[in-house]
Amino acid sequence: MSDTPVTQQNTTSAYFAQAALSFGLALAAMAVGIYRLDASGWVRAFLAVSVLYLTTSAFTLAKVVRDRQEAGQLVSRVDQARLEKLLAEHDPFQKL
């Protein structure tokens, strides 16, 4: 098939830590903001549920985008392998 190595794009541990810390800080700040809000309990509960829904929706969207990107890479690799096979089998000096 292909001699081209498949490169895996890995994130560094510092980038992962920064993303996790940023997410935790944003979620904590939102929780404190809702807790200290001068509103009734029902309003705060509604905002808390909204934040949880937004958070789960963001995770779902990120997963779907990642899955689509990985599927596109797989199709690209299959197409590349087919092209390489055709080029390897092709003999330009063969008489028709």
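Going by the structure above, here's the rest.
Conventions used here
Residues numbered from 1 in each chain as written. Predicted model: local features only at pLDDT ≥ 70, side-chain atom pairs only at ≥ 80, totals over all residues. Heavy atoms only, no water. Helix = DSSP H or I, 4+ residues; strand = E, 2+ residues; numbered from the N terminus. Buried < 20%, exposed > 50% of the residue type's maximum accessible area, 1.4 Å probe, protein only. Areas by Shrake-Rupley, 256 points an atom, 1.4 Å probe, with all protein chains shown as cover. Salt bridge = Lys/Arg side-chain N within 4 Å of Asp/Glu carboxyl O. Patch = residues over 30% accessible without salt bridge, like charges linked within 9 Å, V, L, I, M, F, W, Y side chains within 5 Å. Polar contact = N/O pair within 3.5 Å; in protein donor to acceptor, adjacent residues only side chain to side chain. Contact = heavy atoms within 4.5 Å.

Trainee: What exactly am I supposed to notice about the overall build of the protein chain here?
Mentor: Looking only at helices and strands, the protein chain has two helices and zero strands in total. Counting across all 96 residues of the protein chain, residues that qualify as buried make up 4%. Working note: accessible area of the protein chain is about 9100 Å², and carbon and sulfur atoms make up 66% of it.

Trainee: What exactly am I supposed to notice about the pattern of salt bridges here?
Mentor: For side chains bearing opposite charge, pairing can occur when the charged atoms are close. In the structure shown here, the tally under the stated rule is two salt bridges. With its nearest N and O atoms 2.7 Å apart, the salt bridge here joins D67 to K63. Of this pair, D67 and K63 both sit in helix α2 (residues 41-89), separated by four residues, roughly a single helical turn. The salt bridge involving D67 is made with R66; its shortest N-O contact spans 3.2 Å. The exposure class assigned to D67 is partly exposed, which follows from its relative accessible area of 29%.

Trainee: Which parts of the structure should I look at to understand a nonpolar patch on the surface?
Mentor: On the surface, a cluster of nonpolar side chains totalling about 340 Å² of accessible area is made up of L37, V43, F46 and L47. Along the polypeptide, L37 turns up in the loop between α1 (13-35) and α2. Since its relative accessible area comes to 35%, L37 is described here as partly exposed.

Trainee: How should the side chain of T55 be read in this particular structure?
Mentor: Structurally, T55 is set in helix α2. A polar atom in the side chain of T55 sits 2.8 Å from the backbone oxygen of V51. Each residue touching T55, except ones within four places of it in the same chain, is listed here: F23 and L27.

Trainee: Help me understand the environment of S57, please; the structure alone is not making it clear to me.
Mentor: When you line up the elements, S57 lands in helix α2. Separated by 2.9 Å, the side chain of S57 and the backbone oxygen of Y53 make a polar contact.

The values are spatial; any link to function lies outside them.
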